[in-house]
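Analysis of the macromolecular model
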Amino acid sequence: MPPKGAAKKKTVTTGEEASTPPVPTLAEQLSYLHYPRPFKNPNYSKNVNRRAKNLKNVLTQEREKDRAHRERRKEAMEDYMDTGEGTPTPQPEEDIPTYSSIEAPPSVLPQRHYCDITGLEAPYTDPGTGLRYHDKSIYEVVKGLSATVAKEYLAARGVNPIVK
C-alpha cells in the first residue's frame, strides 16, 4: 500500500516495454507462498477398518500378550529340559511394573500428609485433635471445631478417632 498522499504515477508503455515481464519485488522474490507445503501426505487414505479402542480393550490385549509370552517361554524351557537340545533361555521373571500391573515396588520417599480440611499438603498436626492442617488460617478453623466434627474428619481419613 503506498503512503498517504502519494499519487500513482501512470506509465506510458511502448511496444518494447509491454513484451518484457515485470520484475518481481524483493518481497515477492523472498516469499514462500508459491512453494508447495508438504505437511500432508498426498497419497494418504484413511483406513476405514480401524476403530478406537477403549481402555478395557487395551488392557485385555496387553494381558493376553503377556500371558502368551509367558506360556511360550515356559514351553521352550520345558522342551529344553525334556530333550536337552537347543539353547536354554533361563530368563528370570521380570518384576518390571507395567501399565496393568499393580505390583510396583514401594516408594522410598516418605508418605505425604494432606490437610483434613482443604486437601492441600499439611506440614502441621493439631496435638489436641490429631487433625492435619495446611497453615495458620486453617488452624483457626481446626481450633473452632467441636469434638464430634473432629472425630468425623479423622474417621474420613481412616484414623481411629481418639480426641483428647
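Residues numbered from 1 in each chain as written. Predicted model: local features only at pLDDT ≥ 70, side-chain atom pairs only at ≥ 80, totals over all residues. Heavy atoms only, no water.

Each helix and strand counted, the chain has 5 helices and 2 strands in total. Put simply, the chain has 164 residues, and 9% of those count as buried. A separation of at least 24 residues holds for 24% of the contacts in the chain among residues at least 6 apart in sequence. Summed over its atoms, the accessible surface of the chain is roughly 15,400 Å², and 56% of this surface lies on carbon and sulfur atoms. (Helix = DSSP H or I, 4+ residues; strand = E, 2+ residues; numbered from the N terminus. Buried < 20%, exposed > 50% of the residue type's maximum accessible area, 1.4 Å probe, protein only. Contact = heavy atoms within 4.5 Å. Areas by Shrake-Rupley, 256 points an atom, 1.4 Å probe, with all protein chains shown as cover.)

On the surface, a cluster of negative charge is contributed by Glu-75, Glu-78, Asp-79 and Asp-82. Relative to the helices and strands, Glu-78 resides in helix 3 (residues 55-83). (Patch = residues over 30% accessible without salt bridge, like charges linked within 9 Å, V, L, I, M, F, W, Y side chains within 5 Å. Salt bridge = Lys/Arg side-chain N within 4 Å of Asp/Glu carboxyl O. Lys, Arg positive; Asp, Glu negative; His and termini not counted. Charge placed at Lys NZ, Arg CZ, Asp CG, Glu CD.)

Bringing the nonpolar core into the picture now. By size, the foremost hydrophobic cluster in this structure holds 8 residues: Cys-115, Ala-122, Leu-131, Tyr-133, Ile-138, Val-142, Ala-150 and Leu-154. Put simply, the parts of the chain that give this core at least two residues each are helix 4 (136-143) and helix 5 (147-157). When near neighbours in sequence (up to four residues on either side) are disregarded, Ala-150 contacts Thr-129 and Leu-131. (Core = buried A, V, L, I, M, F, W, Y, C linked by side-chain atoms within 4.5 Å.)

Our next topic: the UniProt feature "domain: Vps72/YL1 C-terminal" (unreviewed entry) in the chain. Feature annotation in UniProt assigns "domain: Vps72/YL1 C-terminal" (unreviewed entry) to the following positions: residues 113-142. End C-alpha to end C-alpha, residues 113-142 measures 16 Å, and it is 23% helix and 13% strand. (UniProt positions renumbered as here; feature names shortened; annotations may be inferred.)

Take the packing of aromatic side chains next. Each aromatic ring pair is characterised by the separation of its centres together with the angle its planes make. All chains considered together, the criterion is met by 3 aromatic pairs. Judged by centre distance (5.8 Å) and plane angle (45°), the rings of Tyr-32 and Tyr-35 are tilted. Of the residues examined, Tyr-32 reaches a relative accessible area of 65% and is grouped as exposed. Both rings, one in Tyr-133 and one in Tyr-139, keep their centres 4.8 Å apart while their planes meet at 35°; by these two values the pair is tilted. We classify Tyr-139 as partly exposed; its relative accessible area is 24%. Through pairs of rings, three or more aromatic residues link up here, namely Tyr-124, Tyr-133 and Tyr-139. (Phe/Tyr/Trp six-rings, centres within 6.5 Å; stacked < 30°, edge-to-face > 60°.)

Let us now look at the side chain of Asp-126. Structurally, Asp-126 is set in the loop between strand 1 (124-125) and strand 2 (132-133). Despite its burial, Asp-126 pairs with no opposite charge; the closest candidate is Lys-143, at 8.5 Å N-O. What Asp-126 contacts, discounting residues up to four positions off in sequence, is Leu-131, Tyr-133, Tyr-139 and Val-142.

Time to look at the pattern of salt bridges. Scanning all chains against the criterion turns up 4 salt bridges. The partner of Arg-67 in a salt bridge is Glu-71, and the shortest N-O contact between them spans 2.7 Å. Pair noted here: Arg-67 and Glu-71 are both in helix 3, with a separation of 4 residues, about one helical turn. According to the relative accessible area criterion, Arg-67 is partly exposed, its value standing at 35%. You can call Glu-71 partly exposed: its relative accessible area is 37%. Of the charged contacts in the structure, one is a salt bridge between Lys-143 and Glu-140, with a shortest N-O distance of 3.9 Å. Residue Lys-143 and its partner Glu-140 are both found in helix 4; the two are separated by 3 residues, about one turn of the helix.

Looking at the secondary structure, you find Asp-116 in the loop between helix 3 and strand 1. Within the structure, Asp-116 has its side chain in polar contact with the backbone nitrogen of Arg-132 (distance 2.9 Å). Among the polar contacts listed, one links the side chain of Asp-116 to the side chain of Arg-157, at a separation of 2.9 Å. The contact partners of Asp-116, leaving out residues within four places of it in the chain, are Gly-130, Leu-131, Arg-132, Tyr-153 and Arg-157. (Polar contact = N/O pair within 3.5 Å; in protein donor to acceptor, adjacent residues only side chain to side chain.)

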